[in-house]
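Structural characterization, general
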Amino acid sequence: MKLEELGFDDWFQKRWSSSRVHEYSVARLTAVNKDNYIIRNEEAEIPAEVTGKLMYGARSNLDLPAVGDWVCVQYFNENTLAIIHEILPRKSLLKRKVAGKKIELQLIASNIDFAFIMQSVEFDFNLRRLERYLIMANESHIKPVILLSKRDLISAEDLKKEIRAIKSTNPGYEIIAFSNKTDEGLEGIQKLLQRGKTYCLLGSSGVGKTTLINKLIGENKYATAAIREKDGRGRHVSARRQLVILNQGGMIIDTPGMRELGNVGVHTGLSKTFADIVSLAQDCRFKNCMHMDEPGCAVTEAVKKGKMPATRYQNYLKIRRESEFHEMSYLERRRRDKKFGKIVKSIMKDKKKEEME
Ligand SMILES: Nc1nc2c(ncn2[C@@H]2O[C@H](COP(=O)(O)OP(=O)(O)OP(=O)(O)O)[C@@H](O)[C@H]2O)c(=O)[nH]1
Ligand SMILES: [Mg+2]
Ligand SMILES: [Zn+2]
């Protein structure tokens, strides 16, 4: 398999050529395990570890490998072990705040072209959560596609309502409703898959991400699980992020379901996802209007007149507040950690812990 088929293009070639270490090879990182990494080159998948320099020189999680990264490696033991020396610059990166109170970033995947944001039509449909995922993808200029799963579980009429709800508030995105059970809509997804492009599946536990991957590869290779009857939710079956190479071309990254999606420092993502608010804001009386209770605010005016759904406006304010707060706390914590030299220790702890979320 050629590197181009794994997504290596001119953009990476340029970065690779200007990298200092030409005695090394280049490969793509396909999985992050508890104790090691897996990389893929032209021939095979190979277990890998990072150099001490990379590990201990890391200033935050951002400096450590993520699934999808292009890395500079050296092979040992007749190509059965690889050592990762460097990470090539990332074209895009999906990241969030780790679940819970802690302010730390978690890298979900890198060098993604399309984000498949999946919600189950039946237990999981939620516009406010959808907006969080859209922000995360838009922040890094990744093209979002909205996948509505388990289409077999609701009526055509209810499905139409959900699609209309998305389109009226978040227009312009491609939406595909499908079912892993009846195969309806799968063709639409297949058609989106292009050679050399990388897709990332995102969404709550139990919506059918892994089942979709099994469908696309045509075998039940990866574990899926029945949902709990009580609340219709999944049980966090997939424990790790991994990149799967599809026969028909393209690569798809499976991720474990997320309980919460905290956005941190998402300036671009917010204004792209809430372009309607940005556009209204041009008519606010004050240039630096925060759209809270300033006089002459065109945004709150639109909400009052019913031209902007109050729920959407409130979600915007909520995520903006959260994102700013998280960003400040994150920078503050980084400053303190640096002072006390605690960074490496906290990264190692996070890496172990994040597998559990
Ligand atoms: N009715 C119906 N059930 C589905 C469909 N797709 C998946 N399921 C079922 O939903 C359950 C959860 O599917 P998974 O693929 O494990 O979900 P997941 O999104 O990978 O979940 P995590 O790995 O926990 O994030 C399984 O029992 C699947 O058989 C579908 O289109 N329709
Ligand atoms: Mg799964
Ligand atoms: Zn305003």
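Note that the coordinates shown come from a computational prediction; the quantities given were computed from them, not determined experimentally.

1. A look at the overall build of the protein chain
The helix and strand tally for the protein chain stands at eleven helices and 13 strands. A compact globule built from 357 residues should have a C-alpha radius of gyration of about 21 Å, and the protein chain, at 21 Å, falls within 12% of that. Seen along its three principal axes, the alpha-carbon backbone of the protein chain occupies a region of about 70 × 55 × 40 Å. Contacts in the protein chain between residues at least 24 apart in sequence constitute 67% of all its contacts with a sequence separation of at least 6.

2. Structural notes on the nonpolar core
Grouped together as the largest cluster of nonpolar side chains are 74 residues, with contacts concentrated most on Ile-39, Val-71, Leu-94, Ala-115, Phe-116, Ile-117 and Cys-200. Broken down by element, the residue count for this core peaks at six residues, all from helix H3 (residues 127-139). For Ile-117, the residues in contact, after removing those within four places along its chain, are Leu-130, Tyr-133, Leu-134, Pro-144, Ile-146, Leu-147, Leu-202 and Gly-203.

3. Describing the environment of Glu-294
Within the fold, Glu-294 resides in the loop between helix H8 (275-281) and helix H9 (298-304). In this structure Glu-294 comes out as partly exposed when scored by C-beta crowding, with 14 C-beta atoms within 10 Å. On a C-alpha basis, the gap between Glu-294 and Thr-30 in space is 49 Å, while along the polypeptide they are 264 residues apart. Excluding residues that lie within four positions of it along the chain, Glu-294 makes contacts with Phe-286 and Cys-289.

4. Observations regarding the domain arrangement of the protein chain
Domain parsing of the protein chain yields domain 1 (3-87), domain 2 (93-254) and domain 3 (267-354). One C-alpha centre belongs to domain 1, the other to domain 2, and the line joining them spans 26 Å. Of the residues lining the interface, 17 residues belong to domain 1; the matching set on domain 2 comes to 18 residues. Residues that form the side of domain 1 that touches domain 2 fall into these classes: seven nonpolar, six polar and four charged.

5. Regarding the pairing of strand S12 (residues 242-245)
Note: S12 against strand S13 (residues 251-254), four bridges, orientation antiparallel. When the bridges of S13 are listed, Leu-243 appears paired with Ile-253. In this antiparallel pair of consecutive strands, S12 and S13, the connection spans five residues, and Gly-249 shows a positive phi of 100 degrees.

Thresholds, definitions, all that
Residues numbered from 1 in each chain as written. Chains lettered and ligands numbered in written order. Predicted model: local features only at pLDDT ≥ 70, side-chain atom pairs only at ≥ 80, totals over all residues. Helix = DSSP H or I, 4+ residues; strand = E, 2+ residues; numbered from the N terminus. Rg over C-alpha atoms; globule rule 2.2 N^0.38 Å. Contact = placed C-beta atoms within 7 Å. Core = buried A, V, L, I, M, F, W, Y, C linked by C-beta atoms within 7 Å. Buried ≥ 20, exposed ≤ 12 C-beta atoms within 10 Å, placed from the backbone. Domains from an automatic or database assignment. Nonpolar A, V, L, I, M, F, W, Y, C, P; charged D, E, K, R; others polar. Pairing = 2+ DSSP bridges.

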